[in-house]
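Structure at a glance
The residues making up each chain are set out below.
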Amino acid sequence: MSKTAIAVFALMAACSNAIAFSPSCMLGAKCVKSQGTSIPSKQVLEMMERCDEFTRSGTGRQVLRMSIQEILQRSGGNPSHPIYTAYYAFTELHESPLAFKRQSLVENTSYEQIARSCRQLNLDFENWVK
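Residues numbered from 1 in each chain as written. Predicted model: local features only at pLDDT ≥ 70, side-chain atom pairs only at ≥ 80, totals over all residues. Heavy atoms only, no water.

Some details on the state of the cysteines
Working definition of a disulfide: a covalent bond connecting the sulfur atoms of two cysteines. Here is the rule: Counting rule for disulfides: a pair of cysteine sulfur atoms within 2.5 Å. Put simply, DSSP H or I for four residues or longer makes a helix, DSSP E for two residues or longer makes a strand, and each gets a number counted from the N terminus. Buried means the residue's accessible area, taken with a 1.4 Å probe over protein chains only, is under 20% of the maximum for its type, while exposed means over 50%, and partly exposed covers the values in between.
For the structure shown, the criterion picks out 2 disulfides. Across a sulfur-sulfur distance of 2.1 Å, Cys51 and Cys118 are joined as a disulfide pair. The sign of the -80° torsion about the S-S bond sets the Cys51-Cys118 disulfide as left-handed. One end of the pair, Cys51, is in helix 3 (residues 41–55); the other, Cys118, is in helix 7 (residues 111–129), and 67 residues separate them in sequence. Owing to a relative accessible area of 1%, Cys51 belongs among the buried residues under this scheme. Look at Cys118 and you get buried, because its relative accessible area is 3%. Cysteines bonded in the protein chain are numbered consecutively along the chain; their disulfide partners then correspond to 1-2, 3-4.

Side note on the packing of helix 3 against helix 7
Filter applied, for reference: Geometry is summarised by axes, namely lines fitted to C-alpha atoms with helices restricted to the contacting stretch, and by angles between N-to-C directions that run from 0 to 180 degrees. To sort the angles, those under 35 degrees are grouped as roughly parallel, those over 145 as roughly antiparallel, those from 65 to 115 as roughly perpendicular, and the leftovers as oblique. Crossings are assigned a handedness: left-handed for a near helix turned anticlockwise from the far helix by less than a right angle, right-handed for a clockwise turn. Residues are treated as being in contact if the distance between any of their heavy atoms lies within 4.5 Å. We call Asp, Glu, Lys and Arg charged. Ala, Val, Leu, Ile, Met, Phe, Trp, Tyr, Cys and Pro are nonpolar, and the rest, Gly among them, are polar.
Two elements in contact, helix 3 and helix 7, have axes whose closest approach is 10 Å; the angle formed by their N-to-C orientations is 140°. Considering the angle they form, helix 3 stands oblique to helix 7. By crossing handedness, the relation of helix 3 to helix 7 is classed as left-handed. Along the contact surface, helix 3 presents Ser41, Val44, Leu45, Met47, Met48, Cys51, Phe54 and Thr55, while helix 7 presents Tyr111, Ile114, Ala115, Cys118, Leu121, Asn122, Phe125 and Trp128. Looking at side-chain class alone, the contact of helix 3 with helix 7 contains 13 nonpolar, 3 polar and no charged residues.

Here we look at helix 3
Here is the rule: Multiply 1.5 Å by the residue count of a helix minus one, and that product is the helix's expected span.
Taking 1.5 Å of rise per residue, the 15 residues of helix 3 would be expected to cover 21 Å, and the 21 Å separating its terminal C-alpha atoms lies within 8% of that figure. Taken as a whole, helix 3 has its buried residues at Ser41, Val44, Met47, Met48, Arg50, Cys51, Glu53 and Phe54. Contacts from the buried residues of helix 3 go to strand 1 (31–34), strand 2 (37–40), helix 4 (59–63), helix 6 (82–94) and helix 7. Within two residues after helix 3, Ser57 carries a phi angle of roughly 55°, on the positive side.

What about the pairing of strand 2?
Counted only if it meets this: Here, any two strands with at least 2 DSSP bridges between them count as paired.
Sheet analysis places strand 1 next to strand 2, joined by 4 bridges and oriented antiparallel. Directly across from Lys33, in strand 2, lies its bridge partner Ser38. Between strand 1 and strand 2, which follow one another and run antiparallel, lie 2 residues, and Gln35 among them has a positive phi close to 55°.

Quick word on the environment of Leu72
One can find Leu72 in helix 5 (residues 68–75). Between the alpha carbons of Leu72 and Ile83 there is a distance of 8.7 Å; along the sequence they are 11 residues apart. Ignoring anything within four residues of it in the chain, the contact list for Leu72 reads Gly77 and Tyr84.

Shown next, in the form of structure tokens:
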């Protein structure tokens, strides 16, 4: 392997642990710059859906204060129930590059930080589309 290939591989390996890295964007995918990172546009659309599900009517605020047992009980285990979808949306957003402070205890997570990051993502996407 050439020195250049080794250097590129090392750079990619080092960057893969950073939030601001997207291999897809480096390889030419259409990406949106938001909150300090480039995010593939397909992922941005999925994140915006999760943001809507989480913030709709402030349901996410309730979900952050509930145990999984309470979520299942209140939703009746129905995956289309707003509480269930908000919980699922939070788990997806927690794993996304959305910029908010992840807390070890979910109940300490700031709903306002997530909602603000979601608004910023929407603005960045709207500006990208223009």
